[in-house]
Amino acid sequence: MKLVGLSGSLREASFNTALLRAAARVAPEGVELVVETVRGIPLYDADVEESEGIPPRVTELKDLIAGAGGLILATPEYNNAMPGVFKNALDWLSRPPADSRRVFGGKPVAVIGATPGGFGTVLAQGSWLPVLRTLGTAPWFGGRLTVAQAGKVFDGDGNFEVGGTVEEQLRTFVAGFAKAAAQAASAP
């Protein structure tokens, strides 16, 4: 089974991208997690869409997500919500509206996140719910993963610090989501 993990951060040293890379390493056997970011997606502009069409980076991500069994959104939290660049990416990915169902319709989606702050990404994760509902996804509520004080969880290379509990929580989360996505794929 192929899953796509999409990081909502533009930072090279993003904690959310590091979290997805770690998720790919701990994914259960038979599960491939392809890690992507929103880098290269321009600001949404209907005039650009009309005159130039869908940008190649957006088309590439749309096709990747459409072909995957599930999508994990790794969201930073800015000002108690999802970052604008991440929402912008989903806005592009849902264009044109006639193609949105192919990409998102019934797609199992999980939301995780890491932040240097002390409260994790609970509010950002919650802010995704109306968007996921509008896109017609199948949000997975079988687990929650919010990483607070991410600077203490990851080392300078984006690897888990030795002795932390987040890695095991992540392993459990990814396994649970992969199982739910597989069950959704095999449902009549």
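Our subject in this report is the structure included herewith. (Residues numbered from 1 in each chain as written. Predicted model: local features only at pLDDT ≥ 70, side-chain atom pairs only at ≥ 80, totals over all residues. Heavy atoms only, no water.)

**Here we look at the overall build of the protein chain**
Per the secondary structure count, the protein chain includes nine helices and six strands. A principal-axis box enclosing the C-alpha atoms of the protein chain has dimensions of 50 × 40 × 25 Å. Residue pairs in contact within the protein chain that sit at least 24 positions apart in sequence constitute 80% of those at least 6 positions apart. Accessible surface, the protein chain: about 9,200 Å² in total, of which carbon and sulfur atoms supply 53%. (Helix = DSSP H or I, 4+ residues; strand = E, 2+ residues; numbered from the N terminus. Contact = heavy atoms within 4.5 Å. Areas by Shrake-Rupley, 256 points an atom, 1.4 Å probe, with all protein chains shown as cover.)

**Let's talk about the packing of helix H3 (residues 56-66) against helix H5 (residues 97-104)**
Their axes nearest at 7 Å, the elements H3 and H5 cross at an angle of 45 degrees. The pairing of H3 with H5 is recorded here as oblique in orientation. On H5, the residues touching Lys62, Asp63, Ile65 and Ala66 of H3 are Asp99, Arg102 and Val103. Looking at the contact of H3 with H5 residue by residue, the classes come out as three nonpolar, no polar and four charged. (Axes fitted to C-alpha atoms, helices over the stretch in contact; angles between N-to-C directions. Parallel < 35°, antiparallel > 145°, perpendicular 65-115°, else oblique. Nonpolar A, V, L, I, M, F, W, Y, C, P; charged D, E, K, R; others polar.)

**Overview of the packing of aromatic side chains**
Tallying each qualifying case throughout the model produces six aromatic pairs. Between Phe154 and Phe160, the ring centres sit 5.1 Å apart and the planes meet at 20 degrees, which makes this aromatic pair stacked. Accessibility assignment for this pair places Phe154 and Phe160 in one class, buried. What links up through ring pairs into an aromatic cluster is the set Phe15, Phe154 and Phe160. Here the guanidinium or amino end of Arg11 rests over the ring plane of Phe15, the centre of that ring lying 5.5 Å away. (Phe/Tyr/Trp six-rings, centres within 6.5 Å; stacked < 30°, edge-to-face > 60°. Buried < 20%, exposed > 50% of the residue type's maximum accessible area, 1.4 Å probe, protein only. Lys NZ or Arg CZ within 6 Å of the ring centre and 35° of its normal.)

**Description of the side chain of Ser14**
Mapped onto the secondary structure, Ser14 falls in the loop between strand S1 (2-7) and helix H1 (15-26). A distance of 3.0 Å separates a polar side-chain atom of Ser14 from the backbone nitrogen of Thr17. Ignoring anything within four residues of it in the chain, the contact list for Ser14 reads Ser7 and Ser9. (Polar contact = N/O pair within 3.5 Å; in protein donor to acceptor, adjacent residues only side chain to side chain.)

**A closer look at the pattern of salt bridges**
When the charged atoms of two side chains with opposite charge come close together, those side chains can pair. Summed over all chains, the structure comprises 10 salt bridges. Measuring nitrogen to oxygen at the nearest pair gives 3.2 Å for the salt bridge that ties Arg57 to Glu60. One end of the pair, Arg57, and the other, Glu60, are both in helix H3, three residues apart, so they sit about a helical turn from each other. Looking at Glu60, the relative accessible area reads 44%, which means it is partly exposed. Across the salt bridge formed by Arg102 and Asp63, the nearest N and O atoms sit 3.0 Å from each other. In this pair, Arg102 sits in helix H5 while Asp63 sits in helix H3, placing the two residues 39 residues apart along the sequence. A relative accessible area of 42% means that Asp63 is categorised as partly exposed. Because the salt bridges share partners, they merge into one network encompassing Lys62, Asp63, Asp99 and Arg102. (Salt bridge = Lys/Arg side-chain N within 4 Å of Asp/Glu carboxyl O.)

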